[in-house]
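Chain by chain, the residues run as shown.
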Amino acid sequence: MDDRNTNGTRSVSSAPQIRAPRADAARNRDQLLDVATRVFASAGPEPSMRAIAREAGVGIATLYRHFPTRESLVDAVYRDQVVRLTAGAHELLGRMPPAAALRRWMDLFGDWIAAKNGMLDTLLAMIETGEIAHAQTRTELLTAITTMLDAGRAADDLRSDVTAEDIAASLIGIFTVAPRPEREAQAGRLLNLLMDGLRPTARPT
């Protein structure tokens, strides 16, 4: 259709036309993000960008097209994991009892810790420069834990004298002495023991 106005001249919109990213480009980015998260979580020393691209089955230029710097990739992985944790608390509560939801959430927390360990040098540098707000992340995670604890108390599924800070400290301790994936079985046993301690004690009859 010819968009001419009444005097016959062609009208030109002054607003810039912003095209949405192509669906395949968005899928490629998500795939690279998933692979990078897995590589960071399973690596010892912090892996190179080339190693991540190789694991994803793409050229290094493709990786840099989506994530121009190592910092941009680390930032994307870090924020994606935080979103998974914060949104995951509500999603898990929507489909299982609070205690079961909290136990499953602990596994997600372990995934996040493992990914953090694989990109720790870059992450610490970004926190130091203020590129990543560590305090805000802590607040978001404690809020997610509190949501599950509140649901557990209401359902008499979790103890009422435990705080989100208690849970966070316990999880950091467990994944420090039993890091994943190297000692995943031990981490699972310790998490189950923690859950046993979080359940309400039997009331005397």
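Conventions used here
Residues numbered from 1 in each chain as written. Predicted model: local features only at pLDDT ≥ 70, side-chain atom pairs only at ≥ 80, totals over all residues. Heavy atoms only, no water. Helix = DSSP H or I, 4+ residues; strand = E, 2+ residues; numbered from the N terminus. Contact = heavy atoms within 4.5 Å. Areas by Shrake-Rupley, 256 points an atom, 1.4 Å probe, with all protein chains shown as cover. Salt bridge = Lys/Arg side-chain N within 4 Å of Asp/Glu carboxyl O. Buried < 20%, exposed > 50% of the residue type's maximum accessible area, 1.4 Å probe, protein only. pLDDT = per-residue confidence, 0-100. Core = buried A, V, L, I, M, F, W, Y, C linked by side-chain atoms within 4.5 Å. Phe/Tyr/Trp six-rings, centres within 6.5 Å; stacked < 30°, edge-to-face > 60°. Lys NZ or Arg CZ within 6 Å of the ring centre and 35° of its normal. Axes fitted to C-alpha atoms, helices over the stretch in contact; angles between N-to-C directions. Parallel < 35°, antiparallel > 145°, perpendicular 65-115°, else oblique. Nonpolar A, V, L, I, M, F, W, Y, C, P; charged D, E, K, R; others polar.

Engineer: I keep staring at the overall build of the protein chain and nothing clicks. Help me out?
Structural biologist: Assigned secondary structure in the protein chain consists of nine helices and zero strands. The secondary structure elements of the protein chain, listed N-terminal to C-terminal, are α-α-α-α-α-α-α-α-α. Expressed as a percentage of contacts within the protein chain between residues at least 6 apart in sequence, the contacts between residues at least 24 apart total 65%. When the accessible surface of the protein chain is summed, it comes to about 12100 Å², and 54% of that surface belongs to carbon and sulfur atoms.

Engineer: Is there a simple way to explain the pattern of salt bridges in this structure?
Structural biologist: Side chains carrying opposite charge are able to pair once their charged atoms draw close together. According to the stated counting rule, one finds 10 salt bridges in the structure shown. Between Arg70 and Glu46 there is a salt bridge, with the nearest N and O atoms lying 3.0 Å from each other. In this pair, Arg70 is assigned in helix 4 (residues 70-93) and Glu46 in the loop between helix 1 (23-42) and helix 2 (49-56), connecting sequence segments 24 residues apart. Take Glu46: its relative accessible area is 23%, and that puts it in the partly exposed class. Where Arg104 meets Asp107, a salt bridge forms, and the shortest distance between an N and an O atom there is 3.9 Å. Taken together, the residues Arg104 and Asp107, both in helix 5 (residues 98-117) and three residues apart, mark about one turn of the helix. Arg104 gets classed as partly exposed once you look at its relative accessible area, which sits at 35%. The exposure class assigned to Asp107 is partly exposed, which follows from its relative accessible area of 22%.

Engineer: Mind showing me how you'd approach the confidence of the model for the protein chain here?
Structural biologist: If pLDDT is low for a region, its predicted coordinates should not be looked at in detail. On average, residues of the protein chain carry a pLDDT of 85, and 85% of them reach 70 or more. Below pLDDT 50 for its whole length, residues 1-6 participates in six contacts with residues either more than four positions away or in separate chains. pLDDT under 50 marks residues 8-20. Its contacts with residues more than four places away, or in other chains, come to six contacts.

Engineer: Mind showing me how you'd approach helix 2 here?
Structural biologist: Residue pairs spaced three or four apart in an α-helix point in one direction, given the helix's 3.6 residues per turn. Of the positions making up helix 2, those classed as buried are Met49, Ala51, Ile52, Ala53 and Ala56. Looking at the residues trailing helix 2, positive phi occurs at Gly57, about 75 degrees.

Engineer: Hey, could you run me through the nonpolar core in this one?
Structural biologist: Core analysis: the largest hydrophobic core is formed by 53 residues, its most contacted members being Trp105, Phe109, Leu171 and Leu198. Only helix 1, helix 2, helix 4, helix 5, helix 6 (120-129), helix 7 (134-154), helix 8 (164-177) and helix 9 (184-198) provide two or more residues apiece to this core. With residues up to four places along the chain from it excluded, the contact list for Leu198 reads Leu102, Met106, Leu158, Arg159, Val162 and Ile167.

Engineer: Help me out: how do you make sense of the environment of Arg79 in this one?
Structural biologist: Checked against the element boundaries, Arg79 lands in helix 4. On the basis of relative accessible area, Arg79 is assigned to the partly exposed category, the value being 41%. Not counting residues up to four positions away in its chain, the partners in contact with Arg79 are Glu131 and Ile132.

Engineer: Teacher, can you tell me more about the packing of aromatic side chains here?
Structural biologist: Within a pair of aromatic rings, the relevant descriptors are the distance that separates the centres and the angle that separates the planes. All told, the structure shown has four aromatic pairs when counted by the stated rule. Its guanidinium or amino end placed over the ring of Trp112, Lys116 lies 4.4 Å from that ring's centre, counting from NZ or CZ.

Engineer: Quick question: what am I supposed to make of the packing of helix 4 against helix 5 here?
Structural biologist: Any two packed helices are characterised by the angle at which their axes cross and by the distance between the axes. The N-to-C vectors of helix 4 and helix 5 enclose an angle of 175 degrees; their axes lie 9 Å apart at closest approach. Relative to helix 5, helix 4 is oriented roughly antiparallel. Between helix 4 and helix 5, the residues in contact are Tyr78, Gln81, Val82, Arg84, Leu85, Gly88, Ala89, Leu92 and Leu93 and Pro98, Ala101, Arg104, Trp105, Leu108, Phe109, Asp111, Trp112 and Lys116, respectively. Residues belonging to the contact of helix 4 with helix 5 are distributed by class as follows: 12 nonpolar, two polar and four charged.

Engineer: Looking at this structure, I do not really get unusual backbone geometry. What am I missing?
Structural biologist: Peptide bonds are mostly trans, and most non-glycine residues show a negative phi. Backbone geometry places Asp156, a non-glycine residue, at a positive phi of 55 degrees. Positionally, Asp156 belongs in the loop between helix 7 and helix 8.

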